[in-house]
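Fold and contact review
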Amino acid sequence: MSAEFTVMMIGPEAVGKTTLLATMYKELAKIESYARFTFYADNDTGVNLDNAYQKLSRIIDQPVFTSIKPLLEGTRGIIYHRFGINFKDTKELDLLFCDIAGGLINVSASDQDFRVFQQQLSRASVIINVIDGAVLMAGSDLLFDKINKPSRIKDLLIPALNHKQNHLILFVITKCETWLNNNDGRARLMKKFDERFKEVINLIQDRPNAVGVVIPVKTLGCVEFSRMEKDGGEEKVIFLRRANKKFEPEFTDQPLRYALAFVLSERDKNRGWWEKLFRGWDPSFKESLFQFIQERDATFKTYGNFQLIRIAR
Ligand SMILES: Nc1nc2c(ncn2[C@@H]2O[C@H](COP(=O)(O)OP(=O)(O)OP(=O)(O)O)[C@@H](O)[C@H]2O)c(=O)[nH]1
Ligand SMILES: [Mg+2]
């Protein structure tokens, strides 16, 4: 008797949602079988995310020190990616990752796709809000609001953080390679995030059933922020491909590990007595879960009820 959990990607256009999903998918292969858990993608999911990853890896063919054009086509509507998790060869849960076209968060409430999006969001136990880090660090406040839309994110989260279940909100910062190269840059990134995302953070801090974690990642690795340019009065971020660096996503396993650990622990909490009886109580599940969560990097800043991501032995 397995359960289904929803992981929802949110964030405006071109912040890097699909790129993050494709690079997380690659990481899945590395933790494919760990502590007797097996993680696997549905056939179509695997094919689609692998194609996206191949496209991203072609960044290497681009001439160095040229400004980078978008590598992936924008997503249309809502795309579903299905995964499964087994524990000792028995299906433990189904995971539905929903990727959305960023444009969706800003359409009228009467739009059919928007309604489906809102419904999925209200079911989600894990919400991954992707944030453009280059704009956070180098853009004006005005550009930040325009690209990352914190007020809109807050409004969408209010009904989604309903009390029917617990929620993990991952704030994943992309396009921040430049600031992750030293400790000072990382500290400035965190400080800026706290300032500019305050209204969303406050929302989480008030709720006993929600916890937020902020995770900066490198999804490309070889592309770095260069400068801001004015293009007919519009601010624009220019990225350059670095000659001495490879396409090498880094830290993208962390949002994945946080998400998987969360759904597995929620699953464990929600197990009914009848199910324990029926399947036989397996004390090694807790032990395996404990091992699995140890692989998370615990240095990320958290907001709200951090007990929700703790698992007692
Ligand atoms: N430098 C840098 N560029 C990135 C990063 N992540 C994404 N990009 C760039 O941003 C572009 C847009 O990324 P997508 O993943 O397609 O963005 P999205 O959020 O899925 O966009 P929509 O589907 O339109 O909502 C990519 O093609 C990359 O060129 C990152 O971590 N660093
Ligand atoms: Mg996309």
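A few points on the structure. (Residues numbered from 1 in each chain as written. Chains lettered and ligands numbered in written order. Predicted model: local features only at pLDDT ≥ 70, side-chain atom pairs only at ≥ 80, totals over all residues. Heavy atoms only, no water.)

Structural notes on the overall build of the protein
For the record, the criterion: Numbering of helices and strands runs from the N terminus, with a helix taken as a DSSP run of H or I at least four residues long and a strand as a DSSP run of E at least two residues long. To get the radius of gyration, use the C-alpha atoms; to get the globule rule, take the number of residues to the power 0.38 and multiply by 2.2 Å. When a residue's accessible area, from a 1.4 Å probe over protein chains only, is under 20% of the maximum for its type it is buried; when over 50% it is exposed; and in between it is partly exposed. Should any heavy atoms of two residues lie within 4.5 Å, those residues are counted as being in contact. A 1.4 Å probe and the Shrake-Rupley method give the accessible areas. Residues count as covered only by the protein chains that appear here.
Counting its regular elements, the protein contains 11 helices and 11 strands. Computed over the C-alpha atoms, the radius of gyration of the protein is 19 Å, within 12% of the 20 Å expected from 2.2 N^0.38 for a compact globule of 313 residues. Looking at the 313 residues of the protein, the share that counts as buried comes to 51%. Contacts in the protein between residues far apart in sequence, at least 24 positions, make up 79% of those at least 6 positions apart. Carbon and sulfur atoms make up 49% of the accessible area of the protein, which totals about 14500 Å².

Considerations on the coordination of the magnesium ion (ligand 2)
To keep it simple, the criterion reads: The rule for donors is simple: N, O or S, within 2.8 Å of the metal, or within 3.2 Å if the metal is Na, K or Ca. Water isn't counted, so a site may look like it is missing partners.
Protein coordination at the magnesium ion (ligand 2) comes from T18 (OG1) and T75 (OG1), with a distance range of 2.0 Å. Linking T18 in helix α1 (residues 17-30) with T75 in the loop between α2 (43-57) and β4 (78-87), this pair joins segments that are 57 residues apart in sequence.

Quick word on the environment of K17
As a reminder of what qualifies: Pairs of N or O atoms are called polar contacts if they sit within 3.5 Å, as long as, within protein, a hydrogen donor faces a hydrogen acceptor (for residues adjacent in sequence, only side-chain-to-side-chain pairs).
Positionally, K17 belongs in helix α1. In this structure, the C-alpha to C-alpha distance between K17 and D132, residues 115 residues apart in sequence, is 9.9 Å. Here K17 is in contact with M9, I10, G11, P12, D99, I100, G102 and V130, once residues within four sequence places are set aside. A distance of 2.7 Å separates a polar side-chain atom of K17 from the backbone oxygen of P12.

Things to note about the site of ligand 1
We apply this condition: Think of it this way: one heavy atom of a residue within 4 Å of a molecule or strand is enough to make that residue near it. Basically, the charged four are Asp, Glu, Lys and Arg, the nonpolar ten are Ala, Val, Leu, Ile, Met, Phe, Trp, Tyr, Cys and Pro, and anything else, Gly included, counts as polar.
Within the structure, ligand 1 sits among 23 residues, and T19, L71, T75, G102 and T219 are positioned closest to it. With respect to ligand 1, the side chain of T19 contributes an N or O atom lying 2.5 Å from an oxygen atom. Out of a free accessible area of 650 Å², ligand 1 has 94% covered by protein chains. The class makeup of the residues in the shell around ligand 1 is 10 nonpolar, 8 polar and 5 charged.

Quick notes on the packing of helix α6 (residues 150-160) against helix α8 (residues 198-205)
Operational definition: Geometry is summarised by axes, namely lines fitted to C-alpha atoms with helices restricted to the contacting stretch, and by angles between N-to-C directions that run from 0 to 180 degrees. Should an angle lie under 35 degrees it is considered roughly parallel, over 145 roughly antiparallel, and from 65 to 115 roughly perpendicular; all remaining angles are considered oblique. Note on convention: the crossing is left-handed when the near helix lies turned anticlockwise from the far helix by less than a right angle, right-handed when the turn is clockwise.
At a minimum axis distance of 8 Å, the contact between α6 and α8 shows a crossing angle of 20 degrees. With respect to their mutual orientation, α6 and α8 come out roughly parallel. Here the hand of the crossing between α6 and α8 comes out left-handed. Seen from α6, the contacting residues are P150, S151, I153, K154, L157 and I158; seen from α8, they are E199, V200 and L203. Residue composition of the contact of α6 with α8, grouped by class: 6 nonpolar, 1 polar and 2 charged.

Considerations on the packing of helix α3 (residues 112-123) against α6
The interhelical angle for the contact between α3 and α6, taken along N-to-C directions, is 60 degrees, at an axis separation of 8 Å. Judged by the angle between their axes, α3 and α6 are oblique. Pair α3 / α6 crosses with right-handed handedness. Here F114, F117, L121 and S122 of α3 lie close against α6, whose contacting residues are R152, L156 and A160.

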